[in-house]
Amino acid sequence: MRLTPADAMVRGEEVEEVGLDTRSDESASTAQQHVLEAEQYVADLKRILEELVRDKHPAQADLARRVLRTLEESLTLAREHLAREQAKLAGETAGWNHMEVPDPNEAQGGETER
C-alpha cells in the first residue's frame, strides 16, 4: 500500500521529497492518452459513416451519426479535462520561477550589522 506523505509522517516514516506530485503528472498523461484515443475513435467513425452513406445504408448511417455525436461530446469533455490537468500541473510549477530566496548577507530582524 502506498502511503501519502501525510500518512507517512503520522506513522513516523521518512517521506521522500519529489519536485512534482507524480500523481498530477500521471493524471495529465492519462488525460492526454484519452484525448488521443477519442480523436482516433472520432476519425474512424467518420470514415465508417462516409462508407455507410456511400454504400446507401441509411439506418446504419443514422445510428453512426448518433454515436458520432456522443463521441464528439466525449472528446470535448476529454479535452476540457486535459486542460484542467495541464493547468493544475502548471500551477504546481509556477511558483518555482518566483521563489524568494533570502539574502544571506542580510541580518535577521531587518537590521544590518556593521
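It should be emphasised that the depicted structure is a prediction, and the values quoted were computed from it without experimental measurement. (Residues numbered from 1 in each chain as written. Predicted model: local features only at pLDDT ≥ 70, side-chain atom pairs only at ≥ 80, totals over all residues. Heavy atoms only, no water.)

Engineer: Sorry, what's going on with the overall build of the protein here?
Structural biologist: A tally of regular secondary structure across the protein gives 3 helices and 0 strands. Taken from the N to the C terminus, the helices and strands of the protein come in the order α-α-α. Out of the 114 residues in the protein, the part that is buried amounts to 16%. (Helix = DSSP H or I, 4+ residues; strand = E, 2+ residues; numbered from the N terminus. Buried < 20%, exposed > 50% of the residue type's maximum accessible area, 1.4 Å probe, protein only.)

Engineer: Would you mind showing me how to read the environment of D25 here?
Structural biologist: Residue position: D25 is located in helix α2 (residues 22-54). Classification of D25 as partly exposed rests on a relative accessible area of 41%. Sequence-wise, D25 and L89 are 64 residues apart; in three dimensions their C-alpha atoms are separated by 6.7 Å.

Engineer: How should I be thinking about the pattern of salt bridges in this particular structure?
Structural biologist: Should their charged atoms come close, side chains of opposite charge can pair. Enumeration according to the criterion identifies 6 salt bridges in this entry. For the salt bridge of K46 with E72, the shortest nitrogen-to-oxygen distance reads 3.9 Å. Placement of K46 in helix α2 and of E72 in helix α3 (residues 58-94) is noted, with a sequence separation of 26 residues between them. Among the residues examined, K46 registers a relative accessible area of 39% and is labelled partly exposed. (Salt bridge = Lys/Arg side-chain N within 4 Å of Asp/Glu carboxyl O.)

Engineer: Help me out: how do you make sense of the nonpolar core in this one?
Structural biologist: V35, L49, A64, L68 and L75 are the most contacted members of the largest nonpolar core, which has 13 residues in total. Residue assignment for this core shows that the elements contributing at least two residues are α2 and α3. Examining the composition of this core, we find that 7 residues originate from one element, α2, more than from any other. Aside from chain neighbours lying at most four places away, what touches L49 is A61, A64, R65 and L68. (Core = buried A, V, L, I, M, F, W, Y, C linked by side-chain atoms within 4.5 Å. Contact = heavy atoms within 4.5 Å.)

Engineer: Is there a simple way to explain the environment of Q60 in this structure?
Structural biologist: Within the fold, Q60 resides in helix α3. For the pair Q60 and I48, spaced 12 residues apart in sequence, the C-alpha separation works out to 10.0 Å.

Engineer: Help me understand the environment of A90 in this model?
Structural biologist: For A90, the position within the fold is in helix α3. When the C-alpha positions of A90 and D25 are compared, they lie 10.0 Å apart, and in sequence the two are 65 residues distant.

Engineer: What should I look at first to understand unusual backbone geometry in this one?
Structural biologist: Most peptide bonds take the trans form, and the phi angle of most residues other than glycine is negative. A positive phi is found at K56, a non-glycine position, where the angle reads about 60 degrees. Here K56 lies in the loop between α2 and α3.

Engineer: How do you make sense of the confidence of the model for the protein when you look at a structure like this?
Structural biologist: Where the model shows low pLDDT, its predicted coordinates should not be examined in detail. Of the residues in the protein, 61% reach a pLDDT of 70 or more, and the chain-wide mean stands at 79. Confidence scores differ between elements of the protein, with helix α1 (residues 5-10) showing the lowest mean pLDDT of 52 and α2 the highest of 94. (pLDDT = per-residue confidence, 0-100.)

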